[in-house]
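Coordinates in review
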Amino acid sequence: MKIDKNKYYCRNCQGLRKHEVLFTKSIGKNYTYEGDEEISWNEEYKIIECLGCETMAFCKEYGDETMVNYDNYGEEIGFYISVEIYPTLLEEGSEIKDIHYIPNEIQTIYQETLLALKAKAFILTAVGFRSIIEAVCNRERILGKGLFENINLLGNSGIITMKEADRLHAVTFLGNDAIHDITKPTFQQLLAVLEITNHLLSSLYINDNVLNEKLSALTKDKLSAIIKTEDDFIRLILFKIRNYSINDIITIEKLLGKDIRRISKTDVRNFIMALHKKIKDNNFEFLNFDELLDKQIKSYKIVKIPYSNIITN
Ligand SMILES: [Zn+2]
């Protein structure tokens, strides 16, 4: 009955990996009796180590002769065993990595909800996801009558899109059924809800923060040096545009501010000419000419705000 495949799910590699079994203790190898029935069962406890990344885990395996796999014709095709691994892990779906950006009260519910999901406590998981949405509404000071209205208010206020609001309604329905009707959701339903929740929390609390960190690192590493190439000049321009809004009118001096000192006068002239050519040829989508004075370009209108990956790449 024992299936010794030595492949277990590694929480660090996030996949099935070969493990070395460092220690095994088997119990219940023999027989137990239920009435007159004799059932053979086997339980093993193991300490395992991933051969790829050396992550350690504890594993409990159980199998008995009632645990039989059948083919489509109802024929027995062998036994299966149940495998539990500790610390518990999520074999499908993903967890938010930069969780420290999420406000504390929401972070706590998120972590507990994931613990429930990993422990396969599906009703509590559904309730947890519903509580996350409630906590987000409280945090964003959305104070409607009930969660249904609050989600619509989140959408109407522009904090999330209406499409996201529709998805959140689905999350709360699942939570409501779990609380009121004790309806157990499926693992796949909960994985979908996890994805919706991750998306919500990332767009509200994480993406901007990660972006800001990247940009400040960029300021220190790349933008403090003397600018000698046209590429670096364009990167600086893009970085500066992020401080403005669409339709703002600016001069190049205002845009560059003190950073203009980092470019030699000859280079500034050449880089600006190159920038003008890009704008004229429609090769620079972020600025447009605003005012021409004596055929000289005096100011620019911001027509698009660059995303971070444009700047950092
Ligand atoms: Zn591993």
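A few points on the structure. Every value quoted in this text rests on a predicted model; they were computed, and no experiment measured them. (Residues numbered from 1 in each chain as written. Predicted model: local features only at pLDDT ≥ 70, side-chain atom pairs only at ≥ 80, totals over all residues.)

**Examining the overall build of the protein chain**
In terms of regular secondary structure, the protein chain is built from 9 helices and 11 strands. Looking at the protein chain residue by residue over its 313 residues, the buried ones come to 21%. If you take every contact in the protein chain between residues at least 6 apart in sequence, the share linking residues at least 24 apart comes to 55%. (Helix = DSSP H or I, 4+ residues; strand = E, 2+ residues; numbered from the N terminus. Buried ≥ 20, exposed ≤ 12 C-beta atoms within 10 Å, placed from the backbone. Contact = placed C-beta atoms within 7 Å.)

**Quick word on the environment of Glu84**
On the secondary structure map, Glu84 appears in strand β8 (residues 82-86). Residues Glu84 and Tyr9, spaced 75 residues apart in sequence, show a C-alpha to C-alpha distance of 9.9 Å.

**Considering helix α3 (residues 146-156)**
Buried residues of α3: Leu147, Asn150, Ile151 and Leu154, and no others. Looking straight down α3, one finds that the buried residues subtend no more than 100 degrees of arc, so they occupy a single side. Where α3 is buried, its residues touch α2 (122-139) and α4 (162-180). Just past α3, the residue Gly158 takes up positive phi, approximately 85 degrees. (Arc of directions from axis to C-beta.)

**A few points about the pairing of strand β7 (residues 76-79)**
Direction of pairing for strand β6 (residues 68-70) relative to β7: antiparallel, over a ladder of 2 bridges. Its bridge partner being in β7, Tyr70 is matched across the sheet by Glu76. Linkage of β6 to β7, two consecutive antiparallel strands, is achieved through a turn of 5 residues, within which Gly74 is found at a positive phi near 80 degrees. (Pairing = 2+ DSSP bridges.)

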